[in-house]
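# A look at the structure
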Amino acid sequence: MCNLLLQHFRSRIPISDHEFNLLLSYMDHFQVKKKHKILCSREVCNSTFYVNQGLLYSYSTDSNGLENVVNFAMEDYWIGDMYSFINKTPSNQTIVAIENSDIYQLSNDALEILFDKIPALEKFYRILYQNAYTHTLQRLDCSLNVSAQERYLKIVNENPKLLQRVPLHLIASYLGITPESLSRIRKKIYL
């Protein structure tokens with residue numbers, strides 16, 4: 001059941017079976033049902049979450065109560081509010097399961113202990129943070145400089161499975177447009 005997680009770590013750092021078992025002993029493993037929240041806005045994000053199976057998304061809520069999708073995480077992805085996690089401040093994000101999901105959770109406190117016990121784990125998290133940072137920069141650049149249609153086509157080309165599993169209103173929110181605008185874009189593309 002944790003083969004995907006083991007491959008995930010081994011594709012980035014050398015980790016022995018003993019070290020991996022030690023890591024697992026510090027992680028919580030659980031299932032969540034569709035629509036279950038694993039982090040609520042205004043809570044401190046004390047953990048990061050690895051999706052072993054299923055699909056989650058995070059969103060923030062603006063002053064008008066509108067939910068703005070920040071990120072999606074399907075199998076073999078991590079999700080959490082990195083700002084809250086690192087700074088131990090209340091999160092402005094909520095994380096919800098789109099599907100019934102199988103999750104591994106690693107707390108900030110456990111991570112600090114594991115950095116001493118498994119030195120290569122610091123490299124793993126450096127890589128994870130670098131990837132998250134560059135993804136955020138690419139997303140920001142894309143939302144400032146690329147049309148909504150081009151952003152949608154980017155998802156179509158780079159992650160078509162996401163479109164099969166995520167409701168279109170969440171895709172629209174992620175793109176920063178209304179569901180009606182997304183419908184017009186899709187109609188234009190698929191005619």
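Presented here is an overview of the structure given in this document. Treat the numbers as computed from the prediction; the structure is a model and nothing was measured. (Residues numbered from 1 in each chain as written. Predicted model: local features only at pLDDT ≥ 70, side-chain atom pairs only at ≥ 80, totals over all residues. Heavy atoms only, no water.)

### Points about the sheet that holds strand β2 (residues 37-39)
The strand order across the open sheet formed by four strands is β2-β7-β4-β5, and the pairing between neighbours is antiparallel. The sheet terminates laterally at β2 and β5 (67-74), the two strands that pair on one side only. Here the average twist between neighbouring strands, direction ignored, is 30 degrees. With two bridges joining them, β2 and strand β7 (residues 93-97) adopt antiparallel strand pairing. Residue K37 lies in a different strand from β7, and its bridge partner there is V96. Those strands touched by helix α8 (residues 168-175) are β4 (55-61) and β5, and its axis lies near 110 degrees from that of β5. (Pairing = 2+ DSSP bridges. Helix = DSSP H or I, 4+ residues; strand = E, 2+ residues; numbered from the N terminus. Axes fitted to C-alpha atoms, helices over the stretch in contact; angles between N-to-C directions. Contact = heavy atoms within 4.5 Å.)

### Notes on the layout of surface pockets
Reported here for the largest pocket is a volume of approximately 1500 Å³. Taken together, 46 residues make up the lining of the largest pocket; nearest its centre are V70, N71, H135, T136 and Y174. Of all the elements in the fold, those that place two or more residues in the lining of the largest pocket are β4, β5, β6 (77-79), α3 (82-87), α5 (120-145), α6 (148-158) and α8. Ranked by residue count, the leading element in the lining of the largest pocket is α5, at 14 residues. Of the residues in the lining of the largest pocket, the class split is 23 nonpolar, 16 polar and seven charged. Roughly 180 Å³ of volume is contained in the second largest pocket. Lining the second largest pocket, in full, are L66, E67, N68, V69, H169, L170, A172, S173, G176, I177, T178 and P179. Contributions of two or more residues to the lining of the second largest pocket are made by β5 and α8. Looking at the lining of the second largest pocket residue by residue, the class counts come to six nonpolar, five polar and one charged. (1 Å grid on protein atoms, 1.4 Å probe; cavity = no way out; pocket = protein on both sides within 12 Å on 5 of 7 lines; lining within 4 Å. Points joined across faces, edges and corners; volume = space filled by probe spheres on them. Nonpolar A, V, L, I, M, F, W, Y, C, P; charged D, E, K, R; others polar.)

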